[in-house]
Amino acid sequence: MKPGNRTVLLLTTVFLSLTLIPLYLFPSLPWRLSTGSALPLPSPPSSRAVAAGGKDSERCDLSKGEWVPDPKAPYYTNESCWAIHENQNCMKYGRPDAGFLRWRWRPDGCELPKFNPAQFLELVRGKSLAFVGDSVGRNQMQSLICLLLRVTHAVDASLTQDKMFQRYHFPAHNFTVASLWSPFLVRAQPTEPNGSILTGLFNLYLDEPDTNWAAEVEEFDIIIVSVGHWFFRPNMYYENGQLVGCHYCQRSNVTDLTRYYGYRMAFRTAFRAFNNLTRFKGTVFLRTFSPAHFEGGEWNRGGDCLRQRPFNRTETRLEGYNLEMYMTQIEELNAAAAEGRKRGIKFRLLDTTEAMLLRPDGHPSRYGHLPNANVILYNDCVHWCLPGPIDTWNDFLLFMMKSEGGRSTIKGQSLYNRTSTIR
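Residues numbered from 1 in each chain as written. Predicted model: local features only at pLDDT ≥ 70, side-chain atom pairs only at ≥ 80, totals over all residues. Heavy atoms only, no water.

**Q** Report on the nonpolar core, specifying residues and quantitative values.
**A** Counting residues in hydrophobic clusters, the biggest one holds 102 residues, and the most contacted among them are Phe-120, Val-177, Ile-223 and Phe-274. Ranked by residues supplied to this core, first place goes to helix H5 (residues 258–275) with 8 residues. The contacts of Val-177, once residues within four sequence positions are left out, are Leu-129, Phe-131, Met-141, Leu-144, Ile-145, Gln-166, Arg-167, Tyr-168 and Phe-170. (Core = buried A, V, L, I, M, F, W, Y, C linked by side-chain atoms within 4.5 Å. Buried < 20%, exposed > 50% of the residue type's maximum accessible area, 1.4 Å probe, protein only. Helix = DSSP H or I, 4+ residues; strand = E, 2+ residues; numbered from the N terminus. Contact = heavy atoms within 4.5 Å.)

**Q** Mind laying out the sheet that holds strand S12 (residues 242–247), listing which residues take part and the relevant values?
**A** Ordered by their spatial adjacency, 4 strands build an open sheet running S8-S9-S11-S12, and the pairing between neighbours is mixed. Each end of this open sheet is capped by a strand with a single partner; those strands are strand S8 (186–190) and S12. Averaged over neighbouring strand pairs, the angle between their axes works out to 30 degrees when direction is ignored. Summarising the sheet, S8 and strand S9 (residues 202–209) pair through 5 bridges and their orientation is antiparallel. For Pro-190, the partnering residue across the bridge sits in S9 and is Phe-202. Lying over the sheet, H5 contacts S8, S9, strand S11 (235–239) and S12, oriented at roughly 35 degrees with respect to S9. (Pairing = 2+ DSSP bridges. Axes fitted to C-alpha atoms, helices over the stretch in contact; angles between N-to-C directions.)

**Q** Summarise helix H6 (residues 320–343); cite the residues concerned and give the values.
**A** Along an α-helix, residues three or four apart share an orientation, since each turn contains 3.6 residues. With 24 residues, H6 extends 35 Å between its outermost C-alpha atoms, agreeing within 8% with the 34 Å of an ideal straight helix rising 1.5 Å per residue. Looking at H6, one finds that the buried residues are Tyr-321, Asn-322, Met-325, Tyr-326, Thr-328, Gln-329, Ile-330, Glu-332, Leu-333, Ala-336, Ala-337 and Gly-340. Check the buried side of H6 and you find it contacts H5, strand S13 (283–287), strand S14 (346–350) and helix H7 (353–357). Following H6 by one or two positions, Gly-344 adopts a phi angle in the positive range, close to 80 degrees. (Expected span 1.5 Å × (residues − 1).)

**Q** Break down the packing of helix H3 (residues 135–148) against helix H8 (residues 391–404) for me, with residues and values.
**A** Running from amino to carboxyl end, H3 crosses H8 at an angle of 75 degrees, the nearest separation of the two axes being 9 Å. It follows that H3 is roughly perpendicular to H8 by the angle criterion. Within the contact between the two elements, H3 uses Val-136, Gln-140, Ser-143, Leu-144 and Leu-147 and H8 uses Asp-391, Trp-393 and Asn-394. For the contact of H3 with H8, the per-class residue count stands at 4 nonpolar, 3 polar and 1 charged. (Parallel < 35°, antiparallel > 145°, perpendicular 65-115°, else oblique. Nonpolar A, V, L, I, M, F, W, Y, C, P; charged D, E, K, R; others polar.)

**Q** Quick rundown of empty space enclosed by the protein? Include the residues and the values.
**A** If a probe as big as a water molecule is rolled over the atoms, it shows which places are left empty. Inspection of the entire model under this criterion finds 4 cavities of 30 Å³ or more. The space that makes up the largest cavity amounts to roughly 170 Å³. Lining the largest cavity are 18 residues, with Ala-73, Tyr-75, Lys-114, Gly-388 and Asp-391 sitting closest to its centre. In terms of residues, the lining of the largest cavity owes the most to one element, H8, which gives 3 residues. (1 Å grid on protein atoms, 1.4 Å probe; cavity = no way out; pocket = protein on both sides within 12 Å on 5 of 7 lines; lining within 4 Å. Points joined across faces, edges and corners; volume = space filled by probe spheres on them.)

**Q** Can you break down the packing of aromatic side chains residue by residue, with the values?
**A** The tally for this structure, following the rule as stated, stands at 21 aromatic pairs. On the numbers, 5.7 Å between centres and 80 degrees between planes, the contact of Trp-181 with Trp-230 is edge-to-face. Note that Trp-181 is positioned in strand S7 (residues 175–181) and Trp-230 in the loop between strand S10 (222–226) and S11, a separation of 49 residues in sequence. Centroid distance Phe-184 to Phe-202: 5.5 Å. Interplanar angle 45 degrees. Geometry classified as tilted. Placement of Phe-184 in the loop between S7 and S8 and of Phe-202 in strand S9 is noted, with a sequence separation of 18 residues between them. Like Phe-202, Phe-184 is buried. Put simply, the rings of Trp-181, Phe-184, Phe-202, Trp-230, Phe-231, Tyr-263, Phe-267, Phe-271 and Phe-347 touch in pairs and so form one group of aromatic residues. One Lys or Arg, Arg-95, reaches over the ring of Phe-100 and ends 3.7 Å from the middle of that ring. Taking the ring centre of Tyr-205 as reference, the NZ or CZ of Arg-187 above it sits at 3.8 Å. (Phe/Tyr/Trp six-rings, centres within 6.5 Å; stacked < 30°, edge-to-face > 60°. Lys NZ or Arg CZ within 6 Å of the ring centre and 35° of its normal.)

Right under this line is the structure:
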């Protein structure tokens, strides 16, 4: 093997390890699918919308609905998009079924238009958008790039060689999209300076925003914040420089405050940081928790996600840790939005949780690598295939952005404000 090829292989291996392995390494993770319930989904706080359709328009909820067949999908292919991460390139690695691609989300009471790349690019002309969070957030960024490449081209505008901090520029519209890696949102350090970032404990400083994003976001017009699965690993919690507890650290002299405490405080600190920005007058979207779908066992005990079609709403429900993580986000966003209104900062809810709960068929599973690959994480039931159901997140995003500009109104009221403002 040539030296250059060995370097590329090494960098790729390190990148994939940092992206995927931390999601699964700990037996405390309760990533197992709850199925078979005949109960309807509960009704936690969600985004309400007014469907643009003239005098017959009615109120509907974008976050609640069902997946219906869409024979025209998908709207791009894995061959046509260079932005797809190898681990989400399911068709390249031999996924035998393509039926999971041919569904669209239909909210209760209205129709959600499919993503229009030309329309999106006009809305963001001269602007910039940053995805702040973990690899699932980057999964959405790559979906967005693929959708936009249908009508234009992009160039790599990254300021660093670090693949965790990528930027792409669309010169025809002077639009930039970036990924700012921050899986905890707050400052995080391995407990051992030379320890493994994959298997070791992390110290989380829950009252200190991560400067990897906090020092950068003021230059962006639109921010999409999303984290989740890294909080299932063992973590030590610090506030005001003092150890206050942990999650699953298994130390007798340290109080286990659970993952939910760390998750809540991380969002509280992040939202406070946004509200304290002096020059930022853009929009902060919270993309809600993305459920995993392991069946037949935990991630490390034979769990997999091999279904080939969506659930209907009677087959599963939002409960357990999925519901707890989701509600934690909603509660912290409500508080941040109230403060943001005083400061001229808009917080919006990109509520995708219940839609994605119904898509156990949309994950890579074993089709994110070669069959004989020597990988620790063989079945990925956390990230999403591209193309795939995650593209719907950008349908939501465009719908909300169009409405923010007042382009879709009923009796003069901006659709966006009624769609996604947290009350």
